[in-house]
Amino acid sequence: MKIRNKFLVPVTLTLVLTCLAGYFALQWSLRNLVIHQVENAEQIHDRSVQSAAESKIEEIYANIERMGQKALEQAAPVSRMPQVIEAYELAHSGNMDDEASPQSQAARERLREVFKPMIEGYGALGKGGYQLHFHLPNGRSLVRLWRDGWQTTRNGSRIDISDDISPFRETVVRINRAPHQPLSGIEVGRGGFVVRGLMPITAPDGRHLGSNEFLLSMGSFLEVSRTDENQYYALYMNRDLLSVATRMKDEAKYPLVGGEFVLAAATDPAVTDPLVDLDLLRQGAQGPVFQGQGQYYVASFPVRDYAGEVVGVMTMAQDVAEGQAMLANIVSQGEETLMNLTNGTAAGAAGLVIVVCGVIFLVTGHITRLLRNTVRVIEKISKGDVSERLPAGKAVNCSQIINCSEPDCPSYGKESVCWVESGSFAAVKHCPRAQRGEDCRNCKAFAARDELEELGSMINALAQVVEDREKVALAIAEGDLNQQVVVVSDSDGMGRALTRMVDNLRNIIGQVKTAGDQIASGASQVADSSQSLSQGATEQASSLEEISASMNEMASQTQQTAENTSMADQVAGQARTAAERGQQRMSAM
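Residues numbered from 1 in each chain as written. Predicted model: local features only at pLDDT ≥ 70, side-chain atom pairs only at ≥ 80, totals over all residues. Heavy atoms only, no water.

### Focus on the overall build of the chain
- When helices and strands are counted, the chain shows 14 helices and 13 strands.
- Here the chain holds 589 residues, and 38% of them are scored as buried.
- Per element, the accessible surface of the chain, about 32,900 Å² overall, is 53% carbon and sulfur. (Helix = DSSP H or I, 4+ residues; strand = E, 2+ residues; numbered from the N terminus. Buried < 20%, exposed > 50% of the residue type's maximum accessible area, 1.4 Å probe, protein only. Areas by Shrake-Rupley, 256 points an atom, 1.4 Å probe, with all protein chains shown as cover.)

Given below as structure tokens:
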């Protein structure tokens, strides 16, 4: 694998994996953020709706209390009217335990006559009957003014009597017992829930004569409580109170819920009926409970009577479709924002990968070009070509930079790559600092800009060493054995080998010169002896020819001697020639 790929592949993979991890982490964080924001919005919405429901419950309880006070305000003036006291005195003059007492009947008629204008005026307002009720101190009803000439029904007939209401009207019984304190609040009657205000009727002398009450319908109360068209109310009564609310036993009109509650009134049963079940009412009887059901937020809470006893449950359904639509819009916007951020992040990550890979490609391209150039130069050096150099940094005038005063230094007074030429990178260190073992990389004159130029400096120094030793080798080859080989370090095997070679060559040449001298001297002596022998032989041959031609044997021997002498003369001549040639070579060396 090429160096560029060794850089590019792992960096790209790391960057891609990092971007993917960052992308998914960011997406997860953003999604959680959106979900958290949506949950916060939902919680805020729920808290807001619940807070509004709680406020409405408090308002309803306050309205019930205000209705009780209003009923008291209606009953209080009546209890002090002289005509009322006179009617009660009349009733007290007879047997009040007799439902058909003439005195009680006369008192009823008297009260109807007194309040007739008020009843007619009240009716003119379109509010129905004037809900004013008078009671005798023994728990019997004296007169119900909203009923025209009759009190109750018996065997299907209306009768005008003082009927006993004490079995189911606890408020009447209670107010007619000492200390005869006013009472107000909800009490279930024959028709269901009614808000009542009861006042005692007292004679001028302090005698207790009875009581009167003013009634307000809970049905109208629900309509009054509905301050928003998106609010829907339903009122449920405990089923065990049907023994009192006898007129609510018609299940078609007052349906049962789970056999434990009776629907007493509702603003819109079509909305509330599907939302209310037995479990919700049971929980509401224990205390306020809230739950979401589709587009409605339902609150259920107990209804308490004048004594604080739970007599039923009221439910309120708030249409929160608009709020849910806002939440849905928030969710949609959050998802859209998340998608945009996700896409933007993905695009940014892809762009980052492309940009970084492009930068890496360019940078590694530059580096690999320099490295390829370095490899090419090293390859040339390996083949013996040391003519080319690599970039090693900017040439500087080191003598000015470091205030050098060494004129013998090759780099003195000129711009050069001094750290290669004479510094710590050079084989022969001329710089005093380099000679002391200091590294030029720590010098302020060092101008190699990066590691590649530093590598170039080292390779240039190597090439310079090879070139110098090439020159030394060439000089030696030409016979100059006076060359000095510089050994760079203890590990410089080539320098030591060249030094040893020069020394050995010097020794060999010295030995050859000595041997040549000896050979030349011996050859000269042989030549002289041969010449003398040749002259003697010639003279002897002449003498022998003159003495006797018959001495063939001696002549033959003499001829053989002459031949031997001639051969010796040839050998001597060859030795002399070899000696002269050796002498010439030694002289040339």
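### Considerations on the environment of Arg-147
- Relative to the assigned elements, Arg-147 resides in the loop between β2 (141–144) and β3 (152–154).
- Spatially, the C-alpha atoms of Arg-147 and Tyr-130 are 8.8 Å apart, while their sequence positions differ by 17 residues.
- Not counting chain neighbours up to four residues away, the residues in contact with Arg-147 comprise Arg-112, Thr-152 and Arg-247.
- Of note is the side chain of Arg-147, whose polar atom sits 2.2 Å from the backbone oxygen of Gln-151. (Contact = heavy atoms within 4.5 Å. Polar contact = N/O pair within 3.5 Å; in protein donor to acceptor, adjacent residues only side chain to side chain.)

### What about the side chain of Asn-397?
- As for its placement among the helices and strands, Asn-397 is situated in the loop between α8 (321–382) and α9 (398–401).
- Discounting residues that sit within four places of it in the chain, Asn-397 has contacts with Gly-413, Lys-414 and Glu-415.

### Focus on the pattern of salt bridges
- This model, assessed by the stated rule, comprises 18 salt bridges.
- Its salt-bridge partner being Arg-112, residue Asp-160 comes within 2.8 Å of it at the nearest N-O pair. Of this pair, Asp-160 sits in the loop between β4 (157–159) and α4 (170–175) while Arg-112 sits in helix α3 (residues 102–124), and the two are 48 residues apart along the sequence. For the pair Asp-160 and Arg-112, a shared accessibility class is recorded, and that class is buried.
- Where salt bridges share partners, they join Arg-108, Glu-109, Arg-112 and Asp-160 into one cluster. (Salt bridge = Lys/Arg side-chain N within 4 Å of Asp/Glu carboxyl O.)

### Structural notes on the environment of Leu-327
- Structurally, the position occupied by Leu-327 is in helix α8.
- Of the residues examined, Leu-327 reaches a relative accessible area of 12% and is grouped as buried.
- For the pair Leu-327 and Glu-39, spaced 288 residues apart in sequence, the C-alpha separation works out to 9.5 Å.
- Setting aside its immediate chain neighbours within four residues, Leu-327 contacts Ala-41, Glu-42 and His-45.

### Considering the packing of helix α2 (residues 82–92) against α3
- Direction vectors running N to C along α2 and α3 enclose 165°, while the axes themselves pass 7 Å from each other. Relative to α3, the element α2 lies roughly antiparallel. Considering how the two elements wind past one another, α2 and α3 form a crossing that is right-handed. Across from Gln-83, Val-84, Glu-86, Ala-87, Leu-90 and Ala-91 in α2, the residues of α3 making contact are Gln-103, Ser-104, Ala-106, Ala-107, Arg-110, Leu-111, Val-114 and Phe-115.
- A per-class count over the contact of α2 with α3 returns nine nonpolar, three polar and two charged. (Axes fitted to C-alpha atoms, helices over the stretch in contact; angles between N-to-C directions. Parallel < 35°, antiparallel > 145°, perpendicular 65-115°, else oblique. Left-handed = near helix turned anticlockwise from the far one by under 90°. Nonpolar A, V, L, I, M, F, W, Y, C, P; charged D, E, K, R; others polar.)

### Looking at the sheet that holds strand β13 (residues 310–319)
- Read from one edge of the open sheet, six strands run β9-β10-β8-β13-β12-β11, paired in antiparallel fashion. Each edge of the sheet is formed by a strand with only one pairing partner; in this case those strands are β9 (256–257) and β11 (289–293).
- Relative to strand β10 (residues 261–266), strand β8 (residues 231–238) runs antiparallel, the two being bridged by five bridges. Looking at β10, one finds that Met-237 is bridged to Val-262.
- Its contacts with the sheet put helix α5 (residues 218–225) on β8, β10 and β13, and the angle it makes with β8 is roughly 150°. (Pairing = 2+ DSSP bridges.)

### Here's the deal with the packing of α8 against helix α12 (residues 451–477)
- At their nearest, the axes of α8 and α12 sit 11 Å apart, and the two run at 10° to each other. By the criterion of interaxial angle, the relationship of α8 to α12 is roughly parallel. Along the contact surface, α8 presents Ile-367, Leu-370, Leu-371, Thr-374, Val-377, Ile-378 and Ile-381, while α12 presents Leu-452, Leu-455, Ile-459, Ala-463 and Val-466.
- Counted by class, the contact of α8 with α12 contains eleven nonpolar, one polar and no charged residues.

### Topic: the environment of Asn-397
- On the basis of relative accessible area, Asn-397 is assigned to the buried category, the value being 13%.
- As for Asn-397 and Ala-445, which are separated by 48 residues in sequence, their C-alpha atoms are 8.0 Å apart.
- Within the structure, Asn-397 has its side chain in polar contact with the side chain of Ser-399 (distance 2.6 Å).

### Here we look at the side chain of Ser-211
- Examined against the element boundaries, Ser-211 turns out to sit in strand β7 (residues 208–217).
- Among the residues examined, Ser-211 registers a relative accessible area of 0% and is labelled buried.
- If sequence neighbours within four positions are ignored, Ser-211 has contacts with Tyr-88, His-133, Phe-134, His-135, Ile-175, Asn-176, Met-199, Pro-200 and Ile-201.

### Looking at empty space enclosed by the protein
- Evaluation of the coordinates by the stated rule reveals one cavity of 30 Å³ or more.
- Empty space within the largest cavity amounts to approximately 120 Å³.
- Cys-398, Ile-402, Cys-418, Cys-431 and Cys-440 are, among the 14 residues lining the largest cavity, the residues nearest its centre.
- Of the residues that constitute the lining of the largest cavity, the class distribution is eleven nonpolar, three polar and no charged. (1 Å grid on protein atoms, 1.4 Å probe; cavity = no way out; pocket = protein on both sides within 12 Å on 5 of 7 lines; lining within 4 Å. Points joined across faces, edges and corners; volume = space filled by probe spheres on them.)

### Structural notes on the layout of surface pockets
- For the largest pocket, the calculated volume is near 760 Å³.
- Residue lining of the largest pocket: 34 residues in total, with Arg-147, Gly-189, Arg-190, Gly-191 and Arg-247 positioned closest to the centre.
- Within the residue set of the lining of the largest pocket, elements represented by two or more residues are β3, β6 (192–202), β7, α5 and β10.
- Residue classes in the lining of the largest pocket are distributed as 14 nonpolar, ten polar and ten charged.

### Some remarks on α3
- The terminal C-alpha atoms of α3 lie 32 Å apart, and with 23 residues this matches the ideal 33 Å at 1.5 Å per residue to within 8%.
- Where α3 bends most, the angle comes to about 55°, and this point is Phe-115, followed within four residues by the proline Pro-117.
- Where α3 is concerned, the buried positions are Ser-104, Ala-107, Arg-108, Leu-111, Arg-112, Val-114 and Phe-115. (Expected span 1.5 Å × (residues − 1). Bend = angle between axes of the 7 residues up to and from the residue.)

### Quick notes on a nonpolar patch on the surface
- A surface patch of nonpolar side chains, about 370 Å² in accessible area, is lined by Val-16, Leu-17, Leu-20 and Phe-24.
- Within the secondary structure layout, Val-16 lies in helix α1 (residues 3–79).
- The partly exposed category is assigned to Val-16, whose relative accessible area is 31%. (Patch = residues over 30% accessible without salt bridge, like charges linked within 9 Å, V, L, I, M, F, W, Y side chains within 5 Å.)

### Topic: the nonpolar core
- Formed by 64 residues in total, the largest nonpolar core has its most connected members in Val-84, Phe-115, Phe-134, Leu-142, Phe-193, Leu-235 and Met-314.
- Residue contributions to this core peak at nine residues, all from α1.
- Among residues more than four places away in sequence, those in contact with Val-84 are Val-78, Leu-111, Phe-115, Phe-134 and Ile-201.
- Leu-263, Val-271, Ala-285 and Val-289 belong to the second-largest nonpolar core, a separate cluster that totals 18 residues. (Core = buried A, V, L, I, M, F, W, Y, C linked by side-chain atoms within 4.5 Å.)

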